[in-house]
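Per-entry structural report
The lines below spell out each chain.
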Amino acid sequence: MSNNTICNCCNSLFANLDVPIKCDGCALLFHPKCSGLSASELKCLGLKNRLLKFFCSDCEKGLKELPELKSLLNKLLVEVENLKSNLGNNSNLSNEFIINEINERNKRAKNVIFYNIQESNSNQTGERLSYDNKQVNSTIASILVDTDNLPTPLKVIRLGRYQPGKLRPIKAIFESDSIVFDIIRNKNKLTHSNPPSTIYISTDRTPYQRDYMKSLKEELMTRTKNGESGLTIKFIKGTPKIVIVNTASNTLNNSQNFR
C-alpha cells in the first residue's frame, strides 16, 4: 500500500501492512476499523467469489434514496411527454429547450402567485413585508379547510417595480409543491365567497406556459365567437386543453381557473 493513500473516513494514511476496504459503490478506500464491518464480514469480503458487498455511508444513503429518485424520474418523464405534446410539430424547439423548460417548471413548483392584493402605504420595507405576509396568510386561511395547520410561505416577494395605482402580484414560496397543489385546488372558493373576492391565485408559470395559455384563451374566444358552445379550458394530466363541457355554468366556473 502506498504511503500516500489515505482512508476516506478518518483521512489518515494507510500503513504498509494495511489491507484497505474498497467501497463497491464509489471505489473509495477505508481502514477495516473505519468500515464498521465485523471480523467475519471482513473475512467474507476477502473471498474470491464473495457475495457480500460493502457500501460506505454516502453510497448506502444514496441507495436508500433510490425509490425517491425513481419517483422523480417518472415524474420528469411524464412532464417531457406532456411538453412534447404541447409543442406538437414545432421543430424550432429543441431537446435543450425541453430540458430547460422542465428545470424552470421544477424551480417554480413551490411558488404561488397572488393577484390584486392591496399594497401597504408604509415607507418601511419591514412593515410592507409584514403587511404582505399577513394578506397572503389571510387569503390562504379563507380557502383552506384545516385552519389549525395552515401553511405559511417561506418568503413573499412583490413582483416588478412599484407604480402608483397599480397592484403588483405577490410571489409566495412554500416548503413543498404539495402545499401549492392544496392551495390551487381550493382557489375557486375566493370567487364563490360572499361577497366574491377580487383576489385570485395561479401557479408560477414559465414564459412558455404563459404564452401557451394565452394562445389557448385566444383560440377559445375565436371558437366561441364562431358559434361553438360549451367550451372551456381544463388541465388533463397537467396539460391545459380546450374541452367541451355539458353546461354553461360549468364553462363559467372552469374558465375562472385560468386567469
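Residues numbered from 1 in each chain as written. Predicted model: local features only at pLDDT ≥ 70, side-chain atom pairs only at ≥ 80, totals over all residues. Heavy atoms only, no water.

The name given to the chain in an unreviewed UniProt entry is Zinc finger PHD-type domain-containing protein, with Macrosiphum euphorbiae as the source organism.

**A few points about the overall build of the chain**
Scanning the chain from terminus to terminus reveals nine helices and eight strands. Expressed as a percentage of its 259 residues, the buried residues of the chain come to 29%. Across the chain, every contact between residues at least 6 apart in sequence was considered, and the portion connecting residues at least 24 apart equals 48%. (Helix = DSSP H or I, 4+ residues; strand = E, 2+ residues; numbered from the N terminus. Buried < 20%, exposed > 50% of the residue type's maximum accessible area, 1.4 Å probe, protein only. Contact = heavy atoms within 4.5 Å.)

**Looking at helix α7 (residues 177-185)**
Within the span of α7, buried status applies to I179, V180 and I183. Looking down the long axis of α7, one finds its buried residues gathered within 100 degrees of arc, a one-sided arrangement. Of the exposed residues in α7, the ones pointing more than 90 degrees away from its buried face are F181 and R185. On its buried face, α7 sits against β3 (111-115), α6 (125-143) and β6 (200-203). (Arc of directions from axis to C-beta.)

**Looking at the packing of aromatic side chains**
A ring pair, where both rings are aromatic, is described by two values, the distance of the centres and the angle of the planes. According to the stated counting rule, one finds three aromatic pairs in the structure shown. Note on F30 and F54: the rings are 5.7 Å apart at their centroids and 80 degrees apart in plane angle, and the pair reads as edge-to-face. In this pair, F30 is assigned in strand β2 (residues 29-30) and F54 in the loop between α2 (39-45) and α3 (57-64), connecting sequence segments 24 residues apart. Assigned by exposure class, F30 and F54 land together as buried. Geometrically, the ring pair formed by Y115 and Y200 is stacked, given 4.7 Å between the ring centres and 10 degrees between the ring planes. Here Y115 is found in strand β3, whereas its partner Y200 is found in strand β6, with 85 residues between them in sequence. Looking at Y115, the relative accessible area reads 24%, which means it is partly exposed. Looking at Y200, the relative accessible area reads 22%, which means it is partly exposed. (Phe/Tyr/Trp six-rings, centres within 6.5 Å; stacked < 30°, edge-to-face > 60°.)

**Some words on the nonpolar core**
In terms of nonpolar packing, the biggest core is built from 17 residues, with V112, F114, V136, I140, F174, I183 and I201 touching the most fellow members. Within the residue set of this core, elements represented by two or more residues are β3, α6, β5 (170-173) and α7. Residue contacts for I201: discarding those within four places in its chain leaves V112, I113, F114, T139, I143, I183, I184, K187 and L190. Listed in part, the nine residues of the second largest apolar core include C7, F14, C23 and C59. (Core = buried A, V, L, I, M, F, W, Y, C linked by side-chain atoms within 4.5 Å.)

**Remarks on α6**
Its 19 residues give α6 an end-to-end C-alpha distance of 28 Å, which sits within 8% of 27 Å, the value for a rise of 1.5 Å per residue. Residues of α6 that are buried sit in contact with β3, β4 (155-158), β5, α7 and β6. (Expected span 1.5 Å × (residues − 1).)

**Some points on the sheet that holds β5**
Spatially, the four strands line up as an open sheet ordered β4-β5-β3-β6, and their pairing is antiparallel. Both outer strands of the open sheet, β4 and β6, are each paired with one neighbouring strand and no more. For this sheet, the mean angle separating the axes of adjacent strands, direction not counted, is 25 degrees. Looking at chain direction, β3 and β5 are connected through four bridges and run antiparallel. Each bridged residue has a counterpart across the sheet, and for F114 the counterpart in β5 is I170. (Pairing = 2+ DSSP bridges. Axes fitted to C-alpha atoms, helices over the stretch in contact; angles between N-to-C directions.)

**Some remarks on the confidence of the model for the chain**
Confidence in the prediction for the chain averages 83 pLDDT; 81% of positions are at 70 or higher. Per-element mean pLDDT across the chain ranges from 44 in helix α9 (residues 248-255) up to 97 in β5. Counting contacts from residues 248-258, a segment whose pLDDT is below 50, to residues more than four positions away or on other chains yields 23 contacts. (pLDDT = per-residue confidence, 0-100.)

**Observations concerning the pattern of salt bridges**
For the structure shown, the criterion picks out nine salt bridges. Linking R108 and D204 is a salt bridge whose minimum nitrogen-to-oxygen distance equals 2.9 Å. Highlighted residues: R108 in helix α5 (residues 95-108) and D204 in the loop between β6 and α8 (207-225), separated in sequence by 96 residues. Each member of the pair, R108 as well as D204, carries the same accessibility label: buried. Among the ionic pairs, R185 bridges to D182, the shortest N-O distance being 2.6 Å. Placement of the pair is R185 and D182 together in helix α7, with a separation of three residues, close to one helical turn. Look at R185 and you get exposed, because its relative accessible area is 56%. Here the salt bridges share partners, and the residues they tie into one network are E119, D132, R158 and R168. (Salt bridge = Lys/Arg side-chain N within 4 Å of Asp/Glu carboxyl O.)

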